[in-house]
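Residue strings, one per chain:
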Amino acid sequence: MKKKVDSVGGSGKKLYLCTERILTLRTMAKKILTLLALALTVATASAQEKKWYENTKLSGYGMLQYQGEDKEGGKHNEFNLRLARLILDGKINDFDWRVQLQGTSNAGPGNPTMQIVDLYTEWVRHKEFRVRVGQFKRAFTFENPTHPITQGWYSYAMVINNLSGFGDRTGEKSSGGRDIGIQAQGDLLPNAAGRSLLHYQVGVYNGEGINLKDRDNRKDIIGGLWVMPISGVRVGAFGWTGSRAGIGEKNRYALSAEYDKNEFTFRTEYLHSQGWGAASAGSSSNEIDYTKGDKADGWYVFGIVPVVKSKLHAKARYQTYRPQKEWSTSKTMYEVGLNYFFTKNLELTCEYGRVNDRSIANPDNHNYNFVDVELDFRF
């Protein structure tokens with residue numbers, strides 16, 4: 001009996017040990033699965049982080065300038081830091097985003113500051129309907145949204161500077177053609193080759209320029225529509241209605257045409273503005289100067305052509321701005337120059353201009369000479 005009991009006891013012990021091993025193996029399996037799940041989570045997170053990083057791009061550019069003119073009573077020649085900007089672009093799912101910072105000396109000589117130029121995100125899932133929110137270029141004219149370097153000249157045209165939100169005639173501070181708001185845009189009517197024939201854009205903005213809240217609770221509405229019948233060709237029209245605190249209503253329109261292909265660029269635009277101007281343009285002034293009238297207009301036409309492809313371009317521009325829509329107040333410039341590309345990211349531009357400024361009291365001093373030389377680089 002004792003042996004029989006011992007035999008049964010031995011079998012029970014073996015069964016117990018076997019069961020214990022199974023439980024141990026099960027526990028180990030759970031731990032291994034937990035570790036695998038954790039490793040997979042970390043790997044996924046790392047992959048997502050890498051993907052986010054790969055969808056983000058840092059870039060920037062600088063524009064170094066020498067400029068001079070021999071205007072009677074205002075002769076000068078000087079070196080200048082025209083622009084310095086840092087840009088961060090990225091993409092999150094169906095949204096593009098941009099942050100652009102600009103170095104500025106607006107606070108005074110020797111006291112430079114940084115300011116936000118662009119800060120926006122845009123839903124880009126469908127090319128037929130995209131929505132942008134934040135601070136960005138106004139939907140007005142072909143020239144306004146062009147890059148300062150690829151625009152090709154020492155400055156945007158005078159009429160663009162005064163009637164498109166740079167140093168605006170309403171007294172709005174220099175805002176680079178930007179404002180805070182929301183904009184919808186899209187490309188429609190693709191042809192057989194897939195190239196869209198029609199573009200539209202419409203936006204609602206504060207009407208105060210960059211980094212400023214709306215001060216009169218009235219919004220600016222700006223829209224544009226253009227057709228692209230031939231590759232490289234755009235013909236369009238723009239409208240703008242709104243107001244600025246202390247100045248009142250402004251109503252503007254622009255008519256535009258452009259050919260841009262194979263390093264040949266030709267563009268012309270006419271802009272018209274109705275609404276009082278400030279005592280000083282581009283100075284944040286909100287005091288009306290009634291002596292300047294309530295209408296202004298201007299136009300420009302230019303051509304840039306390759307002399308040596310991707311190396312040397314020749315250019316010519318004619319432009320006029322009339323701050324009171326009268327010839328007695330007009331300023332006209334006739335400009336010629338060359339753009340030389342050391343590389344695609346390093347460019348030297350030279351420009352000569354003959355200026356006729358009829359706002360100068362003495363007719364003998366209406367005409368003077370102007371020169372500009374710039375070294376521009378991107379990274």
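Every chain is numbered independently, its residues counted from 1 as its sequence is written. Owing to the predicted nature of the model, reporting of local features is limited to residues with pLDDT of at least 70; listing and counting of side-chain atom pairs is limited to 80 or more, with chain, interface and lining totals taken over all residues. Hydrogens and water molecules were not included; the side-chain quantities draw on all heavy atoms of the structure.

**Student:** Describe the pairing of strand E8 (residues 220-227), naming the residues involved and giving the relevant values.
**Tutor:** Side chains on a regular strand alternate between the two faces of the sheet. Alternating residues of E8 divide into Asp-220, Ile-222, Gly-224 and Trp-226, all buried, and Ile-221, Gly-223, Leu-225 and Val-227, none buried. Strands pair, by our definition, only if DSSP identifies at least two bridges between them. A run of H or I in DSSP counts as a helix once it spans at least four residues, and a run of E counts as a strand once it spans at least two, with each numbered from the N terminus. The pairing of strand E7 (residues 196-205) with E8 spans 8 bridges and is antiparallel. Bridging from a neighbouring strand, Leu-198 pairs with Val-227 of E8. The hairpin formed by E8 and strand E9 (residues 233-244) contains 5 residues between the paired strands, and Gly-232 there has a positive phi angle of roughly 95 degrees. For the exposure calls, accessible area comes from a 1.4 Å probe over protein chains only, and a residue counts as buried if that area is under 20% of its type's maximum, exposed if over 50%, partly exposed in between.

**Student:** Before we move on, could you go through the environment of Gly-60 and cite the residues and values that matter?
**Tutor:** Note that Gly-60 resides in strand E1 (residues 56-69). A relative accessible area of 4% places Gly-60 in the buried class. In sequence terms Gly-60 and Ala-84 are 24 residues apart; their C-alpha atoms lie 7.7 Å from each other.

**Student:** Any chance you could break down the environment of Ile-247 for me, citing the residues and the numbers?
**Tutor:** Inspection of the secondary structure assignment puts Ile-247 in the loop between E9 and strand E10 (248-261). Overall, the relative accessible area of 4% leaves Ile-247 in the buried class. Distance from Ile-247 to Ser-285, taken between C-alpha atoms, is 9.0 Å for residues 38 residues apart in sequence.

**Student:** Hey, could you go over the packing of aromatic side chains for me, with residue numbers and the actual values?
**Tutor:** Here is the rule: rings of Phe, Tyr and Trp (six-membered ring for Trp) pair when centre to centre is within 6.5 Å. Planes less than 30 degrees apart are stacked, more than 60 are edge-to-face, and the remainder are tilted. A complete count under the given rule lists 19 aromatic pairs for this structure. Taking 5.8 Å as the distance between ring centres and 50 degrees as the angle between the ring planes, the aromatic pair formed by Trp-226 and Phe-238 counts as tilted. Placement of the pair is Trp-226 in strand E8 and Phe-238 in strand E9, with a sequence separation of 12 residues. Accessibility classification places Trp-226 together with Phe-238 in one group, the buried group. An angle of 70 degrees between the planes, with centres 4.9 Å apart, marks the rings of Trp-276 and Tyr-290 as edge-to-face. In this pair, Trp-276 is assigned in the loop between strand E11 (264-274) and strand E12 (295-308) and Tyr-290 in the loop between E11 and E12, connecting sequence segments 14 residues apart. Looking at Trp-276, the relative accessible area reads 30%, which means it is partly exposed. Its relative accessible area of 54% is what places Tyr-290 among the exposed residues. One aromatic cluster is present, formed by Phe-140, Phe-142, Trp-226, Phe-238 and Trp-240 through successive ring pairs. It is Arg-234 that lies over the ring of Trp-226; its NZ or CZ is 5.1 Å from the centre. Cation placement over rings: the criterion is NZ of Lys or CZ of Arg within 6 Å of the ring centroid and within 35° of the ring normal. Between the NZ or CZ atom of Arg-322 and the centre of the ring of Trp-327, over which it lies, the distance is 4.9 Å.

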